[in-house]
Amino acid sequence: MSNAMRTPAGAINVERYQGAVAEGRFRRLWNANAPGYLFLLPWLVGFFGLTLGPALISLYLSFTDFDMLQSPRWVGMANYVRIATADPKFSAAMHVTLTYVVFSVPFKLTFALLVAMALNRGLRGLSIYRAIFYLPSLLGGSVAIAVLWRQLFASDGLVNAALSHFGIEGPSWISHPSYSIYTLVALSVWQFGSPMIIFLAGLRQIPQDMYEAASLDGASKFRQFYKITLPLLTPVIFFNAVVQTIDAFKAFTPAFIISGGTGGPINSTLFYTLYLYQEAFGNFRMGYASALAWILVLIIAIFTAFSFLTSRYWVHYDD
Amino acid sequence: MTEMTASVTAARPPSDITKRSLPTSLIIHALLIAASLLMLYPLLWMVSASVRPENEIFSSTSFIPSSIDFASYARGWVGLDVSFGRFFWNSLVISLLVVMGNVIACSLTAFAFARLRFVGRNFWFAIMLGTLMIPYHVTLIPQYVLFLNLGWVNTILPLVVPKFLASDAFFIFLMVQFFRGIPRELDEAAMMDGCSAWRIYWKIMLPLSLPVLATAAIFSFIWTWDDFFGPLIYLNDMNTYTIQLGLRTFVDSTSASDWGGLFAMSTLTLVPVFFFFLFFQRLLIEGIATTGMKR
């Protein structure tokens, strides 16, 4: 009996109805899957045609010399070797980008967290403050803001005019190679709005009775921050840190506008992506630029993997 | 009885407001107001610089102009060979098409992932999430070669067509999250009644998903409006320039000579984004808070 039950219903008449069953099975398979794949069709075309295909081609191009006029010429590892050993502009770009990441991300996140904490717990006028602090983030990517920033930190700009009230004569921040990168760091920190909103959402998740219990036990505000807020917020801090860092590696527009596309003065604002753009669309070294792109991917991947590996030692997940 | 509970809840002040004493909250408000002014100062200064007489722009750090004068706008508008009206039109066309593409293509994709069963669904979903991580630099050059060979450079197609192929995985993810929150009973009942997948998508899912569609639309618009890199690469003819490219050309060509015009045009480019912000602030902020968006 049990054996008979395990036999597939269609198997009994296999010989006689083989064709019909196969057709029925195909139809069933088709009916079950076709709608899904039909809905997925635009994305699938895009994925193969605009993401996977180009990514593979770009990997191939990174091992070639390619100027768009002649077909790509295989050069093996030469592009990568030159990047690693004999390209001062690459090291300059790396240095600029890392400086930018190391200074902008921590400051931005610290401001975001401080403001979020000030805004938390039903402060009056919360939504107005939140809107004001978020506005620069929303406008920040545009050319207009980069133009404004260039003026702010020019030698006769607003910042120096403000400093002169205190009797300080500021340098020309934008055209001074030691300061220019920090004007861009300031621009990034000014846009702390979106991590702030994510922090606010995270702070909302922390149960209020934890603070009440801690207060009853006589824990100071600072201790409450250190022992409750910070540990419970680590998943959000982690998320913000990873997202902001990856974003900082990809920064382009402000550096392009402020330096007029050159990355100057003396390569001091030569962001990695700006250098990549110059190589690809200024010098038409498409093979070399592809290698630069893959190095960027590698750096971002290593950073992300490293963050996730270390996260288990400091990120507190509620089980 | 209900009145009593109501009065009890009303009498008890919301616990979180009492957390801070009056002096503490005064200090916090003072600090926040100071910080707000500092944040907004550059923007306010730019707007006021755009309406003040040219000779007054750099003479004061205050943002109240002595007289209001729109000459800078008139000058800036025709400051290049092609007028800013053209750039605005180009930007508007591209942004609206991108909004359409993202809303249509991403919602179709998200519906498949969130609601339909098919072989390989989890596999493709994982791939889709993976594409979120890939920086666009990797696909940039082959895509450029492809579009160049198709003769699409100097047209809006490279900026628009990919969006109709759901190339913005972020919005797919956003919509999948939202679709999953819609009760399954709705489409199961509809399926029992013999409703096709398409009708469920069109008649049930989309009408119930207006908030997420609006969020995706607004962000698509703002990001496309602000995009500089895409137009920089694909548009070389000034007649095809977007507003961001126009502004950049204006910076390069006028440099120090016409700051008033530059600030006037800069202000104008921010106006649409600012209005979206004003009217859809809550939607934007919720979108960021729930998904952790980058900007």
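The rules behind the values
- Residues numbered from 1 in each chain as written.
- Chains lettered and ligands numbered in written order.
- Predicted model: local features only at pLDDT ≥ 70, side-chain atom pairs only at ≥ 80, totals over all residues.
- Heavy atoms only, no water.
- Helix = DSSP H or I, 4+ residues; strand = E, 2+ residues; numbered from the N terminus.
- Rg over C-alpha atoms; globule rule 2.2 N^0.38 Å.
- Buried < 20%, exposed > 50% of the residue type's maximum accessible area, 1.4 Å probe, protein only.
- Contact = heavy atoms within 4.5 Å.
- Areas by Shrake-Rupley, 256 points an atom, 1.4 Å probe, with all protein chains shown as cover.
- Phe/Tyr/Trp six-rings, centres within 6.5 Å; stacked < 30°, edge-to-face > 60°.
- Patch = residues over 30% accessible without salt bridge, like charges linked within 9 Å, V, L, I, M, F, W, Y side chains within 5 Å.
- Salt bridge = Lys/Arg side-chain N within 4 Å of Asp/Glu carboxyl O.
- Buried area = accessible area lost by both parts, 1.4 Å probe.
- Polar contact = N/O pair within 3.5 Å; in protein donor to acceptor, adjacent residues only side chain to side chain.
- Core = buried A, V, L, I, M, F, W, Y, C linked by side-chain atoms within 4.5 Å.
- Axes fitted to C-alpha atoms, helices over the stretch in contact; angles between N-to-C directions.
- Parallel < 35°, antiparallel > 145°, perpendicular 65-115°, else oblique.
- Left-handed = near helix turned anticlockwise from the far one by under 90°.
- Nonpolar A, V, L, I, M, F, W, Y, C, P; charged D, E, K, R; others polar.

A.B. asks: I keep staring at the overall build of chain A and nothing clicks. Help me out?
C.D. replies: When you go through chain A residue by residue, the secondary structure sums to 14 helices and 2 strands. Against the globule reference of 20 Å for 319 residues, chain A gives a C-alpha radius of gyration of 28 Å, more extended than a compact globule. Viewed in the frame of its principal axes, chain A has a C-alpha envelope of about 100 × 75 × 35 Å. A buried classification covers 50% of the 319 residues belonging to chain A. Partitioning the contacts of chain A with sequence separation of at least 6, the portion at a separation of at least 24 is 67%. Total accessible area on chain A stands at roughly 15,900 Å², and carbon and sulfur atoms take up 66% of it.

A.B. asks: How should the overall build of chain B be read in this particular structure?
C.D. replies: If you tally the helices and strands in chain B, you get 14 helices and 0 strands. Each helix (α) and strand (β) of chain B, taken in turn from the N terminus, gives the series α-α-α-α-α-α-α-α-α-α-α-α-α-α. Relative to its 295 residues, chain B shows a buried fraction of 50%. Sequence-distant contacts, at least 24 apart, represent 70% of the contacts inside chain B between residues at least 6 apart.

A.B. asks: Looking at this structure, how should I read the packing of aromatic side chains?
C.D. replies: Here the distance between the centres and the angle between the planes together describe a pair of aromatic rings. For the structure shown, the criterion picks out 62 aromatic pairs over all chains. Ring centres of Tyr37(A) and Phe118(B) lie 5.0 Å apart, and the angle between their planes is 65°; this geometry places the pair in the edge-to-face category. Linking Tyr37(A) in helix α2 (residues 14-61) with Phe118(B) in the loop between α4 (84-115) and α5 (121-133), this pair reaches from one chain into another. Geometrically, the ring pair formed by Phe238(A) and Phe308(A) is edge-to-face, given 5.1 Å between the ring centres and 90° between the ring planes.

A.B. asks: Looking at this model, I keep getting lost on a nonpolar patch on the surface. Mind explaining?
C.D. replies: All names here are of chain B. On the surface, a cluster of nonpolar side chains totalling about 550 Å² of accessible area is made up of Val271, Phe274, Phe275, Leu278, Phe279 and Phe280. In this fold, Phe274 is placed in helix α14 (residues 259-291). For Phe274, a relative accessible area of 32% corresponds to the partly exposed category.

A.B. asks: Whenever I open this one, the interface of chain A and chain B confuses me. Can you help?
C.D. replies: In many reports, interface size means the accessible area that the parts give up when they come together. Taken residue by residue, the interface counts 90 residues in chain A and 86 residues in chain B. Three residues, Phe39(A), Trp43(A) and Leu50(A), lead the burial of chain A against chain B; their summed loss comes to 11% of the area buried on that side. In this structure, the connection of chain A to chain B is made through 8 residue pairs in polar contact (both at pLDDT 80 or more). At 22 residues, the largest contribution of residues to the side of chain A that touches chain B is made by α2(A).

A.B. asks: I'm lost on the nonpolar core in this one. Help?
C.D. replies: Within soluble globular proteins, side chains that are nonpolar generally end up buried alongside one another. Counting residues in hydrophobic clusters, the biggest one holds 187 residues, and the most contacted among them are Trp43(A) and Leu119(A). Of the residues forming this core, the biggest block, 15 residues, is contributed by α4(B). Discounting residues that sit within four places of it in the chain, Leu119(A) has contacts with Leu126(A), Tyr129(A), Arg130(A), Phe133(A), Met196(A), Leu200(A) and Leu32(B).

A.B. asks: I'm lost on the side chain of Ser311(A) in this one. Help?
C.D. replies: Residues and elements named next belong to chain A. Here Ser311 lies in helix α14 (residues 286-314). The exposure class assigned to Ser311 is buried, which follows from its relative accessible area of 6%. Looking at Ser311, its side chain comes within polar contact range of the main-chain oxygen of Phe308, at 2.7 Å.

A.B. asks: Could you clarify how one ought to interpret the environment of Ser107(B) in this entry?
C.D. replies: All names here are of chain B. Inspection of the secondary structure assignment puts Ser107 in helix α4. We classify Ser107 as buried; its relative accessible area is 1%. Distance in space between the C-alpha atoms of Ser107 and Leu268 is 32 Å, their sequence separation being 161 residues. Polar contacts involving the side chain of Ser107 include one to the side chain of Tyr201, which spans 2.7 Å.

A.B. asks: Whenever I open this one, the side chain of Glu279(A) confuses me. Can you help?
C.D. replies: Residue and element names in this part refer to chain A. Following the sequence through the fold, Glu279 ends up in helix α13 (residues 272-282). When its relative accessible area of 3% is taken as the criterion, Glu279 is described as buried. There is a polar contact of 3.0 Å between the side chain of Glu279 and the side chain of Asn283. One polar contact links Glu279 to Arg285, side chain to side chain, over a distance of 2.7 Å.

A.B. asks: Sorry if this is basic, but what is going on with the packing of helix α4 (residues 88-119) of chain A against helix α11 (residues 221-249) of chain A here?
C.D. replies: The description of two packed helices rests on the angle between their axes and on the distance between the axes. Residues and elements named next belong to chain A. Between α4 and α11, the least distance of the axes is 10 Å, while the angle of their chain directions is 140°. When the interaxial angle is binned, α4 and α11 end up oblique. In this structure, the crossing between α4 and α11 has a hand that is right-handed. From α4, Thr97, Leu98, Tyr100, Val101, Ser104, Val105, Lys108, Leu109, Leu113 and Met117 reach across to α11, where they touch Phe225, Thr229, Leu230, Leu233, Asn240, Ala241, Gln244, Thr245, Ala248 and Phe249. Grouping the constituent residues of the contact of α4 with α11 by class yields 13 nonpolar, 6 polar and 1 charged.

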